[in-house]
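Fold and contact review
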Amino acid sequence: MSKDILDIAGLPEELGIGDDLDRAQQRVSITVDTRRYGKAVTVVDGLDPKAVDLDDLASTLKRTLAVGGSVSDGRIELQGRHDARLRAALADEGFDVET
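Here goes a summary of the coordinates provided. (Residues numbered from 1 in each chain as written. Predicted model: local features only at pLDDT ≥ 70, side-chain atom pairs only at ≥ 80, totals over all residues. Heavy atoms only, no water.)

**With respect to unusual backbone geometry**
What counts here: For helices the rule is a DSSP run of H or I covering at least 4 residues; for strands it is a run of E covering at least 2, with both sets numbered from the N terminus onward.
Non-glycine residue Ala-66 carries a positive phi angle of around 55°. Turning to its location among the elements, Ala-66 is positioned in the loop between helix H3 (54-65) and strand S3 (69-72).

Dropping the structure here:
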């Protein structure tokens, strides 16, 4: 988060408000693709890799949903079809998910 917002708001960096604002400003999209042998893969796209640690977020989502997955080309790919549960998990993390 830019220091300008925190300066304007008059809030100290220690509160972590900047991280919450970064997450709320991102428009995340969830799609389900079909891969080899008809296997479903849920893809989380639209994340800013400068504002969010994708590996850390992917780890959190994989643990929450109890699935495997990876980070590839700035996208998080999760094994299986998890669009409904993933939407709730991302909302809990502070992201605004497109419908």
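**A word on helix H4 (residues 83-92)**
Defined as follows: Only protein chains enter the accessibility calculation, which uses a 1.4 Å probe; a residue is then buried when its area is under 20% of its type maximum, exposed when over 50%, and partly exposed in between. The arc refers to the directions leading from the helix axis to the C-beta atoms. The contact definition used throughout considers only heavy atoms, calling two residues in contact when any of these lie within 4.5 Å.
Taken together, the buried positions of H4 are occupied by Leu-86, Ala-89 and Leu-90. On an axial view of H4, the arc spanned by its buried residues comes to 95°, and they lie on one face. Pointing more than 90 degrees away from the buried face of H4 are the exposed residues Ala-84 and Asp-92. Those residues of H4 that are buried lie in contact with strand S1 (27-34), strand S2 (40-45), H3, strand S4 (75-79) and strand S5 (96-97). Among the residues trailing H4, Gly-94 stands out with phi positive, at a value near 100°.

**So, the packing of H3 against H4**
The following threshold applies: Only C-alpha atoms enter the line fits that serve as axes; for helices the fit covers just the stretch in contact. Angles between N-to-C directions range over 0 to 180 degrees. For classification, angles of less than 35 degrees are called roughly parallel, those exceeding 145 degrees roughly antiparallel, those between 65 and 115 degrees roughly perpendicular, and all remaining angles oblique. By the definition used in this description, the sense in which the near helix is turned from the far one sets the handedness, with an anticlockwise turn below a right angle giving left-handed and a clockwise turn giving right-handed. Residues were grouped as follows: Ala, Val, Leu, Ile, Met, Phe, Trp, Tyr, Cys and Pro as nonpolar; Asp, Glu, Lys and Arg as charged; and all remaining residues, including Gly, as polar.
Across the interface, H3 lies against H4 with an axial gap of 11 Å and an inter-helix angle of 125°. Classified by the angle their axes make, H3 and H4 are oblique. Pair H3 / H4 crosses with right-handed handedness. On H4, the residues that touch Leu-57, Leu-61, Thr-64 and Leu-65 of H3 are Arg-85, Leu-86, Ala-89 and Leu-90. A per-class count over the contact of H3 with H4 returns 6 nonpolar, 1 polar and 1 charged.

**Some points on the sheet that holds S1**
Each strand in a sheet pairs with another by means of backbone hydrogen bonds, the pair being arranged parallel or else antiparallel. Selection criterion: Between any two strands, at least two bridges found by DSSP are needed for them to pair.
The strand order across the open sheet formed by 5 strands is S3-S4-S2-S1-S5, and the pairing between neighbours is mixed. One side of each edge strand has no neighbouring strand; the edge strands of this open sheet are S3 and S5. By the bridge criterion, 2 bridges tie S1 to S5 in an arrangement that is parallel. Directly across from Val-28, in S5, lies its bridge partner Val-97. Contacting S3 and S4, H3 runs over the sheet at an angle of about 20° to S4. Against the sheet, H4 touches S1, S2, S4 and S5, its axis set at about 160° to S1.

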